[in-house]
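# Survey of secondary and tertiary structure
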Amino acid sequence: MNRAIFLACLWFWGLSTAVAHPISWNKTYQDYFDAYKDVAVDQMHRYGIPASITLAQGVLESGAGKSDLARKSNNHFGIKCNGWTGRKVYHDDDERGECFRAYDNPYDSYVDHSVFLTNSQRYSRLFKLKTTDYKGWARGLKACGYATSPTYASRLIEIIELYGLDKYDRGVATVVVDYNPTPHHHTAHKAVQHQVQRFNDNYFVIARQGDTFRSIGEDVSVDYRRLAKFNERPVDDVLEEGEYIWLKKKRRHAPKEYKGYVYKVEAGESMYSISQRFGIRLKNLYKMNDLSPDYIIQVGDMLRIR
């Protein structure tokens, strides 16, 4: 076989193998998504990165949390050192002995992934896309150089579509809310005005200007008096635009993925606003941090949320 034909065949073989690896459903991937979906949704609300993209990148880069880098260093996104001042590990990747970031827990890896994308000029154009445009994000990540694999974007898209991860980008518009309906008042399956979203094994909506517990309750078919109670507020309290309003009783602590994570208080926050952000009962937030109910938090305070 002459050299030209050999090279042509080799190129065609490489091209065909690059695109001929359809993925199939497996429980290991699904378990990973079940474990980290709440963290990915939380990061989407904070930074504007689609939860589906974060989950697909996490499962792909970490081998569903089972790679050496993920198990030994909690690095789920393959982020290399590049100016990193924290703990480091060395691992063979594109080259031997490359420097990678190491984290105390997986949650810190998810946060750093968000910060890494947000603060890099390389990925700035992606934030002009909607969080529902997972295909645009996947192709943009590849075009901006996040990974060297020629099939990186298509693999992300395949994973998202196979496991239906894009539902976390949209919220759940027809969710069933368990509020102990009476025999004559059935749980609603209607399209609601507010986007109902899920976090910490619970559901919430984000208050809009002029909202009240009554207006939200009518929209999502939850009794407004119960809604106020779930959110630890007087029933006629004024709601502010952007607040999280929980549709079921809040939890005692943040999801298990936040184990070992310490939250740093930012300007304008209160114990109540933090309890709302993470869907934690206020009294439990005080209790976890050995604080009295009359304690006034300060910017920079470090709080346990689990």
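For every chain, the first residue of its written sequence is number 1, and the numbers climb from 1 along that sequence. Where totals are concerned, whole chains, interfaces and linings use all residues; where local detail is concerned, this predicted model gives features only for residues with pLDDT of at least 70, and gives and counts side-chain atom pairs only at 80 or more. As a rule here, side-chain values cover all heavy atoms of the structure and leave hydrogens and water aside.

### Concerning the state of the cysteines
Disulfide assignment relies on a single distance test, namely cysteine sulfur atoms paired within 2.5 Å. In this structure the tally under the stated criterion is one disulfide. Two residues, Cys81 and Cys99, share a disulfide whose sulfurs are 1.9 Å apart. Measuring the twist about the S-S bond at about -65°, one finds the Cys81-Cys99 disulfide to be left-handed. Pair noted here: Cys81 is in the loop between α4 (68-73) and β1 (88-91) and Cys99 is in strand β2 (residues 98-101), with a separation of 18 residues, a long-range link. The same class applies to Cys81 and to Cys99, which are both buried. Strands are runs of DSSP state E lasting at least 2 residues, helices are runs of H or I lasting at least 4, and numbering of each runs from the N terminus. The buried label applies to any residue whose accessible area, calculated with a 1.4 Å probe on protein chains only, is under 20% of its type's maximum; exposed applies above 50%, and partly exposed to all values in between.

### A short note on the pattern of salt bridges
The working definition used for a salt bridge is a side-chain nitrogen of Lys or Arg within 4 Å of a carboxyl oxygen of Asp or Glu. Throughout the structure, instances matching the rule amount to 11 salt bridges. One salt bridge in this structure joins Arg46 and Asp42, with 3.0 Å as the shortest N-O distance. Residue Arg46 and its partner Asp42 are located together in helix α2 (residues 27-47), separated by four residues, close to a single helical turn. A salt bridge links Arg233 to Glu243; its shortest N-O distance comes to 2.8 Å. Taken together, the residues span a long stretch of sequence, with Arg233 in the loop between α10 (224-230) and β5 (244-246) and Glu243 in the loop between α10 and β5 at a distance of 10 residues. Judged by relative accessible area, Arg233 falls into the buried class, the value being 14%. The exposure class assigned to Glu243 is buried, which follows from its relative accessible area of 16%. When salt bridges that share partners are traced, they join Arg233, Asp237 and Glu243 into one network.

### Some details on the confidence of the model for the protein chain
A residue's pLDDT is the confidence the predictor assigns to it, expressed on a 0 to 100 scale. When pLDDT is averaged along the protein chain, the result is 83, and 85% of the positions lie at 70 or above. Contacts are residue-level and defined by heavy atoms, with any inter-residue pair within 4.5 Å sufficient. The low-confidence segment residues 1-21 (pLDDT under 50) makes four contacts with residues lying over four places distant or belonging to another chain. Here residues 172-191 is a poorly scored stretch, pLDDT under 50, and it has 33 contacts once near neighbours within four places are set aside; other chains count.

### A few points about the sheet that holds β5
By this definition, two strands are paired if DSSP reports at least two bridges between them. On the basis of which strands lie adjacent, the open sheet formed by three strands has the order β3-β4-β5 and antiparallel pairing. Unpaired on one side and paired on the other, β3 (197-199) and β5 mark the two borders of the sheet. In this sheet, neighbouring strand axes are inclined to one another by 45° on average, regardless of whether the strands run parallel or antiparallel. The axes are straight lines fitted to the C-alpha atoms, using for helices just the contacting stretch, and the angles between their N-to-C directions are given from 0 to 180°. Packing against the sheet, α2 makes contact with β3, β4 (202-206) and β5, and its axis sits at approximately 120° to β3.

### Description of the environment of Leu247
Note on placement: Leu247 falls in the loop between β5 and β6 (262-264). Leu247 sits in the buried class, given a relative accessible area of 0%. Put simply, Leu247 and Leu227 are 20 residues apart on the chain and 6.1 Å apart in space, counted from C-alpha to C-alpha.

### So, the side chain of Asn289
Assignment of secondary structure puts Asn289 in the loop between α12 (282-288) and β7 (302-304). The class of Asn289 is buried, set by a relative accessible area of 15%.

### Some words on the pairing of β2
Alternating residues of β2 divide into Glu98 and Phe100 and Cys99 and Arg101, and every residue in both groups is buried. Where β1 and β2 come together, four bridges link them in antiparallel fashion. Each residue of the ladder has a partner; that of Tyr90, found in β2, is Cys99.

### Quick notes on helix α9 (residues 213-220)
Within the span of α9, buried status applies to Phe213, Ile216, Gly217, Asp219 and Val220. Along the axis of α9, the buried positions cluster into a sector of 160°, meaning they face one direction only. In the core, the buried residues of α9 are packed alongside β4, α10 and β5. A positive phi of about 60° marks Ser221, the residue just after α9. Summarising the geometry, the arc corresponds to the directions from the helix axis toward the C-beta atoms.

### Comments concerning a positive patch on the surface
Together, Arg226, Lys229, Lys249, Arg252, Lys283 and Lys287 line one region of the surface with positive charge. Every element with two or more residues in the positive patch is listed here: α10 and α12. In this fold, Arg226 is placed in helix α10. Like-charged residues within 9 Å of one another, or nonpolar side chains (Val, Leu, Ile, Met, Phe, Trp, Tyr) within 5 Å, are grouped into patches, provided each residue has over 30% relative accessible area and no salt bridge. Each accessible area is a Shrake-Rupley result for a 1.4 Å probe, and residues are judged covered by the shown protein chains and nothing else. Counting rule applied: Lys, Arg positive; Asp, Glu negative; His and chain ends not counted. Throughout, a charge is located at the NZ atom of Lys, the CZ atom of Arg, the CG atom of Asp or the CD atom of Glu.

### Looking at the nonpolar core
Counting 59 residues, the largest nonpolar core has Phe33, Tyr146, Ile159, Leu165, Tyr258 and Ile305 as its most contacted members. For this core, the secondary structure elements donating two or more residues are α2, α3 (51-62), α5 (106-119), α6 (134-143), α7 (152-163), β5, α11 (271-278) and α12. Formed by 15 residues, the second largest nonpolar core is a distinct cluster that contains Val220, Tyr224, Leu227 and Phe230. By convention a nonpolar core is built from buried Ala, Val, Leu, Ile, Met, Phe, Trp, Tyr and Cys residues, the set being connected through side-chain atoms within 4.5 Å.

### Looking at α6
Within α6, the full set of buried residues consists of Tyr134, Gly136, Trp137, Ala138, Gly140 and Leu141. Looking at the packing, one finds that the buried side of α6 touches α3, α5, α7 and α8 (167-170). Among the residues trailing α6, Gly145 stands out with phi positive, at a value near 95°.

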